Structures are given as structure tokens and as C-alpha cells.
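As a plain string of letters, each chain reads:
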Amino acid sequence: MDHTGYVLSGMSFLLVLPAIMLVTVFLDLEHVGGDAETIILKSDTASTAVKDLEANIPGIAAEVLRDEASNTLKTGKPLPNSRKTIKEAIRGRMDQKTLEYQNSDLKVECDIISVDTSQDPFQVEVKSSFRVEKGQVVHQENLTQEISITDPLYPLIDPIPFIKCKDYGGAEIKGNRTFYGNSLKNYLKTRGVENADQYENASSSLFIKKCPYDPYIMHGDFGFVSLKNCIENGYFHESSDGACFLCRLEGKSTCPHYGMETFIVPSEFFNSTSISAPSSIDHVIFNDTPPGDGTYPGRVFEYYSDGKNYFKIFLDNSHRLKYGIPTF
Ligand SMILES: [Zn+2]
Ligand SMILES: [Zn+2]
């Protein structure tokens, strides 16, 4: 009996052996599977942290741009290097964000590599790099983001009028427009520009807004009602001659980058008979870059009148062609 018993258990062991081997294989598989899963989970935490940080940049950059533009308005002083100032300000605010991770098991680093003019003048380009470390796992990412400068949540002031007119009596804000009082006239007179008087009490847009009348030739539509709406809403247009936003912060009205331009309009209460005055485009009026005088004249164009108010601009032929206004 005992002998048979041994034989049986020996046999059953042989029978059970494949089962044991299978279980071992499964256990091993599970082990491998478990490890792989842990690695994925770990890098997920790291990449989630990077995604969260990245998502903060557009808002922070827009805030910084808005704050720098407002400061420039208050002081009338241009930034010596707007790209550097803005880069460092964004970096400082992102450092605060990464501090939120200091008590976690993640080691988080964020660097703002550069801030520069974008291909689209209504955007600013921010380049950044991120590094998140969790145990053995490192997640690294370089990023380029185009930040809108026309987000209504972060309205940006055009700093140029406040910088250029600072020493001539200053420009002031009324509603959503910049009013020049005597300052623009004095600024132009000091430079010896002819018919500067036409710009007494002139005004232009306070905030940078993108013109929806695109293609721009549409400004001539509906008996120039589009042009009137554009001016009243204070829209800006793409321009290869006008300065980009970052150069505007440095007090430049023209720059080598693809930039923007807006209309500076004489007061509608001023019924002058002058047919010539500086062309009513901001980069023409403010072009005081030495040597020589970059301000050139335009011919008067009345786009609306109700018999009491005379809505007019002075425009040169190349800007007339651009905006669908008859040439002279
Ligand atoms: Zn327009
Ligand atoms: Zn520029």
C-alpha cells in the first residue's frame, strides 16, 4: 500500500508539474506586466506636471505683456530690452509655479529660453524648456508657444503715443482712446514737420485690437463706413513698416520685424481747409528715427461728415491703395 502510494504521488507530481510550470510563467508575466505599468504611471505623473506647467505660460506671458505695457504708459519710459525684461518676468512667475511641487516627489525645473516677435504680428513667441524628475524617470520637453496679444482678457495698451509725447505735454486716456491734446502737434512742430497744427486734439486707439476688415481693401466698402467703424473701434493692421509690439515697448515706431499700424485721426471738430498734413498712420507720424525725417505728408480724405463734424484723415497713395481709398 505504502509503496503504491509513493508511486501515485510520484505520478501525480509529474502530472501536476506542467501546471506548476504554467503558474510560474504566469507569475513571471504578471511580474513583468506590473513593472511596465509602474514605469508608465511614473512617467505619466511627470508628463502631467509638465503639461500643467506648460498650460500656465500663455496666461502668465499675457499678464506680463499687459503689465509692461501699462508701466510704460505710466512712466513714458521705453524698455531698453523688452525681450529680456519680459523673458525674466515670465521666468520669475513660472518659478513661483514650480515651487508648488517642492513638497512632492517630483523635481521640477522650468526655463524660459526666449521671448521674441512672432511671424504673426498679433502674437509673441515664447520658447521654454521643462525637466521633471521622479525617481529614475526623467521627462524633458522643449516648447514654442505663440501668445496672442489681442486677447480681450488681457488688453494691451499701445505704448508708443505715451513714450513719444511724454516730453511734449503727454497723451491722456479717455475711454478706450488715446487723446493727444497739444502734445502730438508740439512733438511734430519741434521736429519741423509741416502742418503739425492739423494734429491738435488728435486721437488714436488705446488698445491693440486686430482689424476684422481683411483684406484691408474692404475699408473702402459701403461708402467708407467700414473705414469709419475701423477707426472708431481702434483697430490695428498688419504692416511691414509699422513696429511689432515688443519694439513698441522699446519706443520704436518702426522696426525690421513684420509689425502693425493704426490710424491717428485729427479731431472731427476741426473744420480745416488744409489739404496736406502728415499721413495719419502711426509709424509715419512717429518716425523720428535719425538721420532725417521719416514723416511724410498725405492728402486729406473726408470719410464722413454730418455738416457739424468732419471725419477726415490724411493719407499718402500707398496707404490709400492698401485700404481701398481713391488715390490722388
Ligand atoms: Zn481696419
Ligand atoms: Zn520689432
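Everything numeric in this text was worked out from a predicted model, so none of it was measured.

Rules used throughout
Residues numbered from 1 in each chain as written. Chains lettered and ligands numbered in written order. Predicted model: local features only at pLDDT ≥ 70, side-chain atom pairs only at ≥ 80, totals over all residues. Helix = DSSP H or I, 4+ residues; strand = E, 2+ residues; numbered from the N terminus. Contact = placed C-beta atoms within 7 Å. Pairing = 2+ DSSP bridges. Axes fitted to C-alpha atoms, helices over the stretch in contact; angles between N-to-C directions. Core = buried A, V, L, I, M, F, W, Y, C linked by C-beta atoms within 7 Å. Buried ≥ 20, exposed ≤ 12 C-beta atoms within 10 Å, placed from the backbone. Domains from an automatic or database assignment. pLDDT = per-residue confidence, 0-100. Expected span 1.5 Å × (residues − 1). Arc of directions from axis to C-beta.

A. Region of the structure containing the overall build of the protein chain. For the protein chain, the count of helices and strands is eight helices and 13 strands. Once local pairs closer than 6 in sequence are excluded, the contacts in the protein chain between residues at least 24 apart make up 59%.

B. Focus on the sheet that holds strand E11 (residues 276–278). The strand order across the open sheet formed by three strands is E11-E12-E13, and the pairing between neighbours is antiparallel. For this open sheet the edge positions go to E11 and strand E13 (310–315), each flanked by a neighbour on one side alone. Each strand axis lies, on average, 50 degrees off the axis of its neighbour in the sheet, ignoring direction. Two elements, E11 and strand E12 (residues 297–305), share three bridges in a ladder whose sense is antiparallel. Its bridge partner lying in E12, Ala277 is registered against Gly298. Together, E12 and E13 form the strand contacts of helix H5 (residues 221–233), whose direction differs from that of E12 by roughly 105 degrees.

C. Representation of the nonpolar core. Residues Ala61, Leu65, Ile90, Val124, Val126 and Phe245 are the most contacted members of the largest nonpolar core, which totals 67 residues. It is helix H1 (residues 2–75) that provides the largest number of residues to this core, a total of nine residues. Counting contributing residues per domain, this core is built from domain 1 (38–148) and domain 2 (160–322), each supplying no fewer than three. Beyond its immediate sequence surroundings of up to four residues, Val124 is in contact with Ala61, Leu65, Val115, Thr117, Ser118, Ile147, Ile149, Phe245 and Leu246.

D. Inspection of the pairing of E13 at higher detail. As judged from the six bridges shared by E12 and E13, these two strands associate in the antiparallel manner. Residue pairing for E13: Arg299 is matched across the bridge by Leu315. As consecutive antiparallel partners, E12 and E13 are separated by four residues, and within that stretch Gly307 has a phi angle of approximately 90 degrees, a positive value.

E. Fine view of the confidence of the model for the protein chain. On average, residues of the protein chain score 88 in pLDDT, and 86% of them reach the 70 mark or higher. Segment residues 22–41: pLDDT under 50, and one contact once partners within four positions in sequence are set aside and those in other chains are kept.

F. Spotlight on the sheet that holds strand E2 (residues 123–134). Spatially, the three strands line up as an open sheet ordered E1-E2-E3, and their pairing is antiparallel. Only two strands of the sheet have a single neighbouring strand rather than two, namely strand E1 (107–117) and strand E3 (137–148). When strand polarity is set aside, the average angle formed by the axes of neighbouring strands in this sheet is 15 degrees.

G. Quick look at helix H2 (residues 82–99). Helix length check: H2, at 18 residues, gives a terminal C-alpha distance of 26 Å against a target of 26 Å (1.5 Å per residue), a fit within 8%. Of all the residues in H2, the buried ones are Ser82, Ile86, Lys87, Ile90 and Met94. One face of H2 carries all of its buried residues, which in axial projection span an arc of 120 degrees. In H2, the exposed positions that point more than 90 degrees away from the buried face belong to Lys84, Gly92, Gln96 and Leu99.

H. Molecular detail of the environment of Lys308. By the secondary structure assignment, Lys308 is in the loop between E12 and E13. As a C-alpha pair, Lys308 and Phe269 span 39 residues in sequence and 7.4 Å in three-dimensional space.

I. Representation of the pairing of E3. The pairing of E2 with E3 spans twelve bridges and is classified as antiparallel. Paired with Lys134 across the two strands is Val137, which belongs to E3. In this antiparallel pair of consecutive strands, E2 and E3, the connection spans two residues, and Gly135 shows a positive phi of 60 degrees.

J. Helix H4 (residues 183–190), seen in detail. Buried residues of H4: Ser183, Leu184, Lys185, Tyr187 and Leu188, and no others. Buried residues along H4 sit against helix H3 (160–164) and E11. Looking one or two places after H4, you find Gly192, whose phi comes out positive at around 80 degrees.

K. Just the environment of Asn201, in detail. Relative to the assigned elements, Asn201 resides in the loop between H4 and strand E6 (203–205). Residue classification places Asn201 among the partly exposed residues on the basis of 15 C-beta atoms within 10 Å. For the pair Asn201 and Val265, spaced 64 residues apart in sequence, the C-alpha separation works out to 9.1 Å.

L. Structural view of unusual backbone geometry. Cis rather than trans, the peptide bond between Asp214 and Pro215 has omega equal to 5 degrees. Of note, Pro215 is situated in the loop between strand E7 (209–210) and H5. Of note in the backbone geometry, Asn201 takes a positive phi value of approximately 60 degrees without being a glycine. Despite not being glycine, Phe224 has its phi angle at roughly 70 degrees, a positive value. Mapped onto the elements, Phe224 comes out in helix H5. Assessed through the 21 C-beta atoms surrounding it within 10 Å, Phe224 is described here as buried.

M. How the structure looks around the environment of Asp282. Its place among the elements puts Asp282 in helix H7 (residues 282–285). Among the residues examined, Asp282 registers 26 C-beta atoms within 10 Å and is labelled buried. Taking the C-alpha atoms as reference, Asp282 lies 7.7 Å from Gly242; in sequence the two are 40 residues apart. Not counting residues within four places of it along the chain, the set of residues in contact with Asp282 comprises Ile160, Ser204, Gly242, Ser253, Glu261, Thr262 and Ile264.

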